[in-house]
Amino acid sequence: RAPPAAWRYYRPSLEKFRGIVKGWSELPEGKRLDAVLQCGDLWDGRNEKTDTGPAWALEQARLALEPVLQLSGAEESNSKGVGEKEGVGSRGDAEQSRGIRLFSLFGNHELTTHTREQLAASFLHVGRPADRFYHVTQLCPGVRLLCYDAYDVGILNGGIHLDSDAIHMLRENNPAAGVASVNSVFAPPTQIKCVESRWVGFNGAVGEKQLAWMRSELQAAADAGDKVIVSGHVPLCPGSCHPICLTWNYEQVLEVLHAVPGTVVACFTGHDHEGGYAVDKCGIHHVTVPALLECPADDTAHGVLEVFADRLELHGFGRVQTRTLPFP
């Protein structure tokens, strides 16, 4: 399989998205959404090279997502009670009445055009911990959503930083990134195939502090008898995406997920626009969601996830395949 590369349909994608949201608003009672998960790269990293700049990109993203925020009063809900601990536990009447919750992950394109401080202060991060991009919340009784930051260690932060600590990790594993230029850090290692091609600048790693937090949260979920759905922008499992799109230290992260057998049931990611699917050795389903951006006029890419006591049902549309995801 070749590295991801395809035509991108910017304006048609925006119109399609509006149609998708309209469809959500028309779902019958009992089938309405509780939450929306957006897997990152809401805008193109090249926005910084135009006169419009990062502020324009953020405003356009807000306008695009406004219909989601307006569904069932979700604009208010996204500003309350979803943080490290606030969302964990049984949902009370107040939370159930808040409507759709929006979970937005940050990808390499957002981090190319905006600093972490800018993104943390934006509408996309309201109600989340101000000092980091990883958090956990209770989706419904018995199921939690844990979002990880795949660029906790990385060279992207409102641009490309060749003086960051992460550049040393990158260059130790990718000799092609040793040249002191911006373009070199995005060149995959020469003569290297498969998972080693992940050592490029548009990926990153999950840091030690975040790994410790993840261990603690997963153990807490296991102790409570809860299942956990994990999500981040960059995939974790070989086979679920092109190897060049894997998290730098995916093996470490998988080790943490596997340390509490039967707790983590699925992982939803973005980054590889073609999408993909794999099941790891512990039975965790890894779903890489295809990009709506690369769908021609007669195609689409989105899905609705239903949670049951023993499985997840992914109802796919267009390039997102419908799947039954039984719990490990």
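Residues numbered from 1 in each chain as written. Predicted model: local features only at pLDDT ≥ 70, side-chain atom pairs only at ≥ 80, totals over all residues. Heavy atoms only, no water.

**Details of the overall build of the protein**
Looking only at helices and strands, one finds nine helices and eleven strands in the protein. Residues counted as buried form 52% of the 328 residues belonging to the protein. Carbon and sulfur atoms make up 53% of the accessible area of the protein, which totals about 14900 Å². (Helix = DSSP H or I, 4+ residues; strand = E, 2+ residues; numbered from the N terminus. Buried < 20%, exposed > 50% of the residue type's maximum accessible area, 1.4 Å probe, protein only. Areas by Shrake-Rupley, 256 points an atom, 1.4 Å probe, with all protein chains shown as cover.)

**Some thoughts on the packing of helix α8 (residues 208-224) against helix α9 (residues 250-258)**
For the pair α8 and α9, interaxial distance at closest approach is 9 Å and the crossing angle is 15°. With respect to their mutual orientation, α8 and α9 come out roughly parallel. Pair α8 / α9 crosses with right-handed handedness. Residue-level inspection shows Glu208, Leu211, Met214, Arg215 and Leu218 of α8 in contact with α9, the latter providing Gln252, Val253, Val256 and Leu257. Taken together, the residues that form the contact of α8 with α9 break down as six nonpolar, one polar and two charged. (Axes fitted to C-alpha atoms, helices over the stretch in contact; angles between N-to-C directions. Parallel < 35°, antiparallel > 145°, perpendicular 65-115°, else oblique. Left-handed = near helix turned anticlockwise from the far one by under 90°. Contact = heavy atoms within 4.5 Å. Nonpolar A, V, L, I, M, F, W, Y, C, P; charged D, E, K, R; others polar.)

**A closer look at the packing of aromatic side chains**
Within this structure, the stated rule accounts for three aromatic pairs. Centre to centre, the rings of Trp199 and Trp248 are 5.5 Å apart; their planes meet at 25°, and the pair counts as stacked. Of this pair, Trp199 sits in the loop between α7 (165-173) and α8 while Trp248 is found in the loop between β5 (227-231) and α9, placing the two residues 49 residues apart along the sequence. Of the two residues, Trp199 and Trp248, both sit in the buried class. In this structure, Arg311 packs its charged tip against the face of Phe308, placed 4.0 Å from the ring centre. Taking the ring centre of Tyr277 as reference, the NZ or CZ of Arg323 above it sits at 3.9 Å. (Phe/Tyr/Trp six-rings, centres within 6.5 Å; stacked < 30°, edge-to-face > 60°. Lys NZ or Arg CZ within 6 Å of the ring centre and 35° of its normal.)

**Concerning the nonpolar core**
Ranked by internal contacts, the top residues of the largest apolar core, which has 64 residues, are Met214, Leu218 and Leu257. For this core, the secondary-structure elements that each account for two or more residues are α1 (10-25), α2 (53-70), α7, α8, β5, α9 and β6 (264-269). Aside from chain neighbours lying at most four places away, what touches Leu257 is Met214, Leu218, Val230, Leu236, Val264 and Ile284. Among the nonpolar cores identified, the runner-up in size contains 20 residues, and Leu139, Cys140, Ala301 and Leu312 belong to it. (Core = buried A, V, L, I, M, F, W, Y, C linked by side-chain atoms within 4.5 Å.)

**Let's talk about α7**
Those residues of α7 not exposed but buried are Ala166, Ile167 and Leu170. Each buried residue of α7 lies within a common arc of 100° when the element is viewed along its axis, so the set occupies one face. Those residues of α7 that are exposed and angled more than 90 degrees off the buried face are Asp165, His168 and Glu172. (Arc of directions from axis to C-beta.)

**Some remarks on the environment of Asn157**
Positionally, Asn157 belongs in the loop between β4 (143-147) and α7. Since its relative accessible area comes to 27%, Asn157 is described here as partly exposed. A C-alpha to C-alpha distance of 6.1 Å links Asn157 and Arg116, two positions 41 residues apart in sequence. Setting aside anything within four residues of it in sequence, one finds Asn157 in contact with Leu111, His114, Thr115, Arg116 and Glu117.

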